[in-house]
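Given next are the chains, with one letter for each unit.
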Amino acid sequence: MPSKMSSKMVKTMLRQCLAIARREILLIWRDKDLRYILLLGPLVGLLLFYGIYSRQVLVEIPTAIVDLDRSQTSQELIKNIGAAENLRITTFAESYKELEDLIAKGTVVTGIVIPENYGRDLSLARQTRLAMIIDGSNMIYATNATSTMLSISRTLGAQAGIKTLIGRGIAPNQAQAAYQSVACSEEAWFNPTLNYAYFVVLALGLNMWQQCCTLVACMTIAGETCAASWCQLKSLGISRLKLFISKSATQIAAFIAAALPVFFLAVMVFKLPLHCSLPLFFLFNLAFAVALHSVGVLASSIARTPVNAARFGMLIALPSFLLSGYTYPLESMPGLLQTAAQALPQTWYFQGLNLLSFKNPDYALMSPNFLAFLLISAVCYATSAIIVAKKT
Amino acid sequence: MAPLIKVEDLKQTVGKQIILNSLSFQISSGECLGLFGTRGVGKTTLLHILAGVNRFKSGRVEILGYDIEKNGAYKKQMGLITQKPSLFKDLQAYENLDFIAALKGADQHNIADLVQRFVLHDILREPVNKLDAGVYQRLSMACALLNEPQILIADDLINDIDPFSQSIIRRELNSFLISGGTCIWGFSRIEFCRCTSRVGWLEKGTLAFYTPQEAQAKWDRRWHHIAQQNEQQDGEDYA
């Protein structure tokens, strides 16, 4: 008899949980805006960012040359500069002043000034000074241009040095060896071509995803307790925990479902790198979805209205990508910001995503991220529970 | 027979304003208590306390032997119809019935029976926020009765709705009472007191009990008095 009773209770509980889950799906599906935001937002974001970074590396930085020497040597140099992968000579300026104007107007990003007597000084083994000017107002351009310029100047210096030594009667192979006594081999691991698309596209797409998910999570409590139907739910005597778990599990499943097309498009179609085991990747995303949901729930429990809940959520979700240290190192931020960033699940997510994309990490390497998700979820859910118990 | 609902020294305040001032009363099984009062006197507050929707400042409320502050098990034997539309507006009519039935652990067959009794066939696929007031109220009552409750709490059950819906709701309320159900019905129009077995008149935070006839007579006297005062005033103004 007692087993019959408990089986009936389990059946009733299961029926209740499924009914709540079904309603939650209908709620998301019937709210057209919410549906489009959750399902299409991240996909559109990924497509957009893939389009933006489709060239994958920054090439053809507009460059101007001021050739004050006009010698055969300077022409050779210009040819070498033109052959550099990242630079594209677009303009030949007559003077330094003209170059200044071109950079100020944004017509070119870099400029190289070849001084008068460049060819002569080089042939006489005298020191000569090339001016390389970079527009620092655009950091992405500037970093790439600087790197290219450094590479050119290093090659030029070596070439000139070897020529001088040969001119002084040293054998060519000895001259070359003298300049290459310290051979520096530059190897970029994990992303050898320094591909921008590999680095940012998936992260930016998932940033859109996490923002959309936060919006949905922010409705969990405020959306229910501020509605007139809250009266019905309270009078039905359904436990708040059962209601919360059923709603939350459905929302988290919806978050993962919304992310799946993004992962498919990114990895299978755009061939963005994902060097990790699939179960680990899935588990990592699931753990993040739970942590993210807990933050949304906390915002939802504090807010007085659903609109305010969404505002709180956006206040957290929007800057979280920048705070995560994905595009700018966390270590370079002030201590207070570092601490704040570490309290956000997005920080642990984007840091972990980088590892999963490039470094094929094992569970041990990812364990701090999982632990952070667990802690954030526990704190946020517990705090929300206290707030909701007091409020309702 | 032990009372189904027992209220002792119930007090409720909003800010510094006392809404319910030490109310004590009992409701027996099979009774239909009309809770009468003008708008804003605290009927909804009292009904929501009994339904377990709102908390209260002090006192003790016992329903079906359960102290409602400590145990919500009585809710399984209760149905609520609210004054303001409180069905799930994101769901259609049938989905509301289905959802509430699932949450109440009610038999699925009850839905079909209630749909027939409340003549809801034609609106089952309609979103509830598009329903007319009368149809909405029929659906609300059908939802409240899904679990075949012992107690029905109704706030403004048939106020300002079409005659067809009124007649169906009255018929079903009678049938509920005949089958042994207990009802507390809040209203602000005195003519509804005829449908009740006892009237609790809520005024200035206190509750006084009358037979329906006594309540009607009290109301009539009051109106007569007000009318006399108005006539006197008009006379003075004319003079």
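Just so we're clear, the structure is a prediction, and the values are computed from it rather than from any experiment. (Residues numbered from 1 in each chain as written. Chains lettered and ligands numbered in written order. Predicted model: local features only at pLDDT ≥ 70, side-chain atom pairs only at ≥ 80, totals over all residues. Heavy atoms only, no water.)

Details of the overall build of chain B
Item 1. For chain B, the helix and strand inventory stands at six helices and ten strands.
Item 2. Against the compact-globule benchmark of 18 Å for 239 residues, chain B has a radius of gyration of 19 Å, which places it among compact chains.
Item 3. For chain B, the spread of C-alpha atoms along the principal axes amounts to about 70 × 40 × 35 Å.
Item 4. Relative to its 239 residues, chain B shows a buried fraction of 51%.
Item 5. Sequence separation of 24 or more characterises 66% of the internal contacts of chain B that already satisfy a separation of 6 or more.
Item 6. As displayed, chain B has an accessible area near 11,600 Å², and 48% of this comes from carbon and sulfur atoms. (Helix = DSSP H or I, 4+ residues; strand = E, 2+ residues; numbered from the N terminus. Rg over C-alpha atoms; globule rule 2.2 N^0.38 Å. Buried < 20%, exposed > 50% of the residue type's maximum accessible area, 1.4 Å probe, protein only. Contact = heavy atoms within 4.5 Å. Areas by Shrake-Rupley, 256 points an atom, 1.4 Å probe, with all protein chains shown as cover.)

Things to note about the overall build of chain A
Item 1. Across its full length, chain A holds 16 helices and four strands.
Item 2. A compact globule built from 392 residues would reach a C-alpha radius of gyration of about 21 Å, whereas chain A, at 30 Å, exceeds it by more than 25%.
Item 3. Projected onto its principal axes, the C-alpha positions of chain A cover 105 × 40 × 40 Å.
Item 4. A burial count over chain A gives 44% of its 392 residues as buried.
Item 5. Put simply, of all contacts in chain A between residues at least 6 apart along the chain, 76% involve residues at least 24 apart.
Item 6. Across chain A, the 31 positively charged side chains and the 20 negatively charged ones have centroids separated by 23 Å. (Lys, Arg positive; Asp, Glu negative; His and termini not counted. Charge placed at Lys NZ, Arg CZ, Asp CG, Glu CD.)

Quick look at the side chain of R138 of chain B
Residues and elements named next belong to chain B.
Item 1. Relative to the helices and strands, R138 is located in helix α4 (residues 133–144).
Item 2. One buried charge, R138, has no salt-bridge partner; the nearest side chain with opposite charge is D162, at 5.0 Å.
Item 3. Sequence-distant contacts of R138, defined by excluding residues within four places in its chain, comprise F118, V119, L120, F164, S165, I168 and I169. (Salt bridge = Lys/Arg side-chain N within 4 Å of Asp/Glu carboxyl O.)

Quick look at the pattern of salt bridges
Item 1. Here the structure, examined in full by the defined rule, presents 22 salt bridges over all chains.
Item 2. Put simply, D98 of chain B and R22 of chain A hold a salt bridge, and the shortest N to O gap is 4.0 Å. Placement of D98 of chain B in helix α2 (residues 93–104) and of R22 of chain A in helix α1 (residues 2–30) is noted, with the two residues assigned to different chains.
Item 3. Of the residues examined, R22 of chain A reaches a relative accessible area of 42% and is grouped as partly exposed.
Item 4. Of the charged contacts in the structure, one is a salt bridge between K70 of chain B and D67 of chain B, with a shortest N-O distance of 3.8 Å.
Item 5. Classification of D67 of chain B by relative accessible area gives buried; the value is 14%.

Considerations on helix α5 (residues 163–178) of chain B
Each turn of an α-helix holds 3.6 residues, which means side chains three or four residues apart point in the same direction.
Residues and elements named next belong to chain B.
Item 1. The terminal C-alpha atoms of α5, which comprises 16 residues, lie 22 Å apart, in line with the 22 Å expected from a rise of 1.5 Å per residue.
Item 2. Residues S165, Q166, I168, I169, E172, L173, F176 and L177 constitute the buried set of α5. Projection of α5 onto a plane perpendicular to its axis shows the buried side chains occupying an angular sector of 165°, all on one side. Of the exposed residues in α5, the ones pointing more than 90 degrees away from its buried face are P163 and I178. (Expected span 1.5 Å × (residues − 1). Arc of directions from axis to C-beta.)

Some points on the packing of helix α12 (residues 278–302) of chain A against helix α13 (residues 306–323) of chain A
All names here are of chain A.
Item 1. It is at 8 Å that the axes of α12 and α13 come closest, and there the two elements cross at 140°. Judged by the inter-axis angle, α12 sits oblique to α13. In the crossing of α12 with α13, the sense of the turn from one axis to the other is right-handed. Of α13, the residues touching α12 (which contributes V295, A299, S300 and I302) are A309, F312, G313 and I316. (Axes fitted to C-alpha atoms, helices over the stretch in contact; angles between N-to-C directions. Parallel < 35°, antiparallel > 145°, perpendicular 65-115°, else oblique. Left-handed = near helix turned anticlockwise from the far one by under 90°.)

Here's the deal with the environment of A131 of chain A
Item 1. Within the secondary structure, A131 of chain A is located in strand β4 (residues 131–134).
Item 2. Apart from residues lying up to four places away in sequence, A131 of chain A is in contact with G111, I112 and V113 of chain A.

Digging into the interface of chain A and chain B
Item 1. Taken residue by residue, the interface counts 24 residues in chain A and 27 residues in chain B.
Item 2. For the pair chain A and chain B, the two sides together bury roughly 2,200 Å², of which 57% comes from carbon and sulfur.
Item 3. Where chain A touches chain B, the interface holds three salt bridges.
Item 4. When the shortest N-O distance is used, the salt bridge between E95 of chain B and R30 of chain A registers 2.6 Å.
Item 5. Counting across the chain A and chain B interface gives ten residue pairs in polar contact (both at pLDDT 80 or more).
Item 6. Considering each element in turn, the side of chain A that touches chain B owes the most residues, ten residues, to α1 of chain A. (Buried area = accessible area lost by both parts, 1.4 Å probe. Polar contact = N/O pair within 3.5 Å; in protein donor to acceptor, adjacent residues only side chain to side chain.)

Overview of the sheet that holds strand β6 (residues 78–81) of chain B
Residues and elements named next belong to chain B.
Item 1. Sheet architecture is open: six strands sit in the order β6-β7-β8-β3-β9-β10, paired in mixed fashion. Bordering the open sheet on either side are β6 and β10 (206–210), each of which pairs with just one other strand. Each strand of the sheet is rotated relative to its neighbour by a mean of 15°, with strand direction disregarded.
Item 2. With four bridges connecting them, β6 and strand β7 (residues 151–155) associate as parallel partners. Note on β7: the bridge partner recorded for G79 is L152. (Pairing = 2+ DSSP bridges.)

Quick notes on the domain arrangement of chain A
Item 1. Splitting chain A by domain gives domain 1 (9–53 + 195–391) and domain 2 (61–179).
Item 2. Placing a centre on the C-alpha atoms of domain 1 of chain A and another on those of domain 2 of chain A gives a separation of 50 Å. (Domains from an automatic or database assignment.)

Remarks on the packing of helix α6 (residues 139–167) of chain A against helix α7 (residues 172–179) of chain A
Residue and element names in this part refer to chain A.
Item 1. Running from N to C, α6 and α7 point in directions that differ by 140°, and their axes come no closer than 9 Å. The orientation of α6 with respect to α7, classified from their angle, is oblique. As for how α6 packs across α7, the hand of that crossing is right-handed. Contact residues: G157, A158, G161, I162, L165 and I166 in α6; P172, A175, Q176, A178 and Y179 in α7.
Item 2. Residue composition of the contact of α6 with α7, grouped by class: eight nonpolar, three polar and no charged. (Nonpolar A, V, L, I, M, F, W, Y, C, P; charged D, E, K, R; others polar.)

Some points on the sheet that holds strand β2 (residues 87–93) of chain A
All names here are of chain A.
Item 1. Read from one edge of the open sheet, four strands run β2-β1-β3-β4, paired in mixed fashion. Each end of this open sheet is capped by a strand with a single partner; those strands are β2 and β4. For this sheet, the mean inter-axis angle between neighbouring strands, taken without regard to orientation, is 25°.
Item 2. Bridge count for strand β3 (residues 110–114) against β4 is four bridges, and the pairing is antiparallel. Its bridge partner lying in β4, T110 is registered against I134.
Item 3. Of the strands in this sheet, β1 (61–67), β2, β3 and β4 are in contact with α6, which crosses β4 at around 165°.

A look at the environment of W219 of chain B
Residue and element names in this part refer to chain B.
Item 1. On the secondary structure map, W219 appears in helix α6 (residues 212–238).
Item 2. Remark: the alpha-carbon pair of W219 and S29, spanning 190 residues in sequence, is separated by 27 Å.
Item 3. What W219 contacts, discounting residues up to four positions off in sequence, is F36, T38, I190 and W201.

Here we look at the pairing of strand β9 (residues 198–203) of chain B
Residues and elements named next belong to chain B.
Item 1. Looking at chain direction, strand β3 (residues 32–36) and β9 are connected through four bridges and run parallel. Within β9, the residue paired with F36 across the bridge is W201.
Item 2. Where β9 lies against β10, five bridges are found, and the strand directions are antiparallel. By the bridge assignment for β10, L202 is matched with L207.
Item 3. The turn joining β9 and β10, which pair antiparallel and follow one another in sequence, is formed by two residues; a positive phi near 50° is taken by K204.

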